[in-house]
Amino acid sequence: MVVKVTEIVKFEMAIDVVRTLRQKIIAVCRKLGIGVCLRTVMLIFCLTFFWVQMHMSDVADNETLQILAKPDGLLDANDSMLQLVPQHLHKYLVALPQRDRPHQAILPGNASEHVATAVSLNASEIRRLIDQQNSKQIVLNEDVYGPLQNDSLVIVIQVHTRIMYLRHTIVSLARARGIENALLIFSHDHYDEQINELIQMIDFCKTMQIFYPYSIQTHPVSFPGESPEDCPRDISKSDAIKRKCINAMHPDQYGHYREAKFTQTKHHWWWKANRVFNELDVVSNYSGPILFLEDDHYVAEDFIYMLKLMEKSCSVACPQCSMLSLGTYLKTYNFYGEAKVEISQWISSKHNMGMAYNRTVWKQFVDCADTFCKYDDYNWDWSLQSVSNNCLSHEFKVFVLKAPRVFHIGECGVHHKKSCFDMALIAKVQKLLSSVYKYLFPEKLEVTYAPIKKKVLRKGNGGWGDVRDHELCLRMVNRQW
């Protein structure tokens, strides 16, 4: 299949080529020393610039570019979306070859990769593998990009099984300016070889994988998974007592019993943050903010630049702010004119996407572990809201970017029951970012203030009444029940 390439795509391809070369020069400099580099950088740059001009001229003359073959049944919208992805990043959107199956683009709408491929290993084997991985704490590409510096950025991505979206998350990260200085930590609650291979392909920055050890996959017939002796969700407490199921005395506030598929997300979020701040050697001396994303988030090219600009501005305009937020759930965005940030009370339903905070703030969370771990809500963000409302002397304040740099592209998950993989949503975000490109990387931020709202005490959504969940949650941060 041959498709025309827009001028935007051709320009971005040239930029990506130069960026790739820059990363390789940095690696060579670290090995050969600065003196050798200074004598060769100019020659290499001139040759590369000449090559890019020749290459782009050839593309412009032909006005075509051969890209991935279109799989049967995919809509034409996929073609348009692939045009917005530089060709050297297509490898993250293509499944590795398998027997009797050709390469095909991994795009929303392609049902062959609804979720990651299952691993034919039993639970004990998977537990052994993830214990090994967690103990080794391997950082990939550190030999190329060097050790983590305190002015770098640590990005933690919570991953389940949605490899379709994860592929596009990785593509967006690869295109970000400054990503070569970052450390990506992927936190998994499902061990899958296909996802592992995808992450191990990443060559644009340092990466690391950590594995949540108390998952449904590793405990399929026992807590924290679902045991045959557990009470069914909708059984009454009196019937549960008669049945003598394990957790009969501990339904949630609405009379329902725990469901492992819901409790796992809160446990994973809590374990992941504690693992990163308190247990990983690579970040033990890092004091900067850590950005938390999920496997269905798409980032703008200037998200690292904006986070650093926000951090600098926040230190002056709002030193009492605990968190920075790069995302929003608004349906419309205004990128035009002055780049704006807002100082606001932290509200879980508004400010839980693209959150960044440092070790000092995490310690405040841990000090309120009892509130977080016993709050009857299976959502980590609502539980954090309870910490803000009920445990802290002052509620969390947040420094929020009004025109987001983190976008939610997922249409499936815990709260979504409709069909997944909305390719139009991903294409919409890509095209939006292309259309507002000239407004990215602003020189300064305009600070605004949100009106102060009266504190609202929330009852919680339930699903977290089982004392075993409370105990596990507290043990993760070495707190006693």
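See the structure shown above.
Definitions and cut-offs
Residues numbered from 1 in each chain as written. Predicted model: local features only at pLDDT ≥ 70, side-chain atom pairs only at ≥ 80, totals over all residues. Heavy atoms only, no water. Salt bridge = Lys/Arg side-chain N within 4 Å of Asp/Glu carboxyl O. Helix = DSSP H or I, 4+ residues; strand = E, 2+ residues; numbered from the N terminus. Buried < 20%, exposed > 50% of the residue type's maximum accessible area, 1.4 Å probe, protein only. Disulfide = S-S within 2.5 Å.

Peer 1: Looking at this model, I keep getting lost on the pattern of salt bridges. Mind explaining?
Peer 2: A side chain of one charge can pair with a side chain of the opposite charge when the charged atoms of the two come close. Scanning the entire structure with this criterion turns up 13 salt bridges. We note a salt bridge from Asp 295 to Arg 162, for which the minimum N-O separation is 2.6 Å. Of this pair, Asp 295 sits in the loop between β6 (290–294) and β7 (297–299) while Arg 162 sits in the loop between β3 (153–159) and α6 (163–174), placing them 133 residues apart in sequence. The same class applies to Asp 295 and to Arg 162, which are both buried. The partner of Glu 342 in a salt bridge is Lys 402, with the nearest N and O atoms 3.6 Å apart. Remark: Lys 402 occurs in the loop between β11 (397–401) and β12 (406–408) and Glu 342 occurs in strand β9 (residues 340–345); sequence separation between them is 60 residues. Under the relative-accessibility criterion, Glu 342 is labelled buried at 18%. Judged by relative accessible area, which is 34%, Lys 402 ranks as partly exposed.

Peer 1: Just to check I follow, could you spell out the state of the cysteines for this structure?
Peer 2: A covalent bond between the sulfur atoms of two cysteines is what we call a disulfide. One pass over the structure, following the stated rule, counts four disulfides. What pairs with Cys 231 in a disulfide is Cys 245, and their sulfur atoms sit 2.0 Å apart. Sign of the S-S torsion, about 95° for the bond between Cys 231 and Cys 245, identifies this disulfide as right-handed. Of the two residues, Cys 231 is situated in the loop between β5 (206–211) and α8 (237–243) and Cys 245 in the loop between α8 and α9 (260–278); the sequence distance between them amounts to 14 residues. A residue is classified by how much of its surface remains accessible, and Cys 245, at 8% relative accessible area, is buried. The residue that forms a disulfide with Cys 373 is Cys 473, at a sulfur-sulfur distance of 2.1 Å. Judged by the sign of its S-S torsion, about -70°, the cystine formed by Cys 373 and Cys 473 is left-handed. Taken as a pair, Cys 373 in helix α13 (residues 369–374) and Cys 473 in helix α16 (residues 467–476) lie far apart in primary sequence, 100 residues in all. Accessibility assignment for this pair places Cys 373 and Cys 473 in one class, buried. Its sulfur unpaired, Cys 314 is 4.4 Å from the next cysteine sulfur, which belongs to Cys 321.

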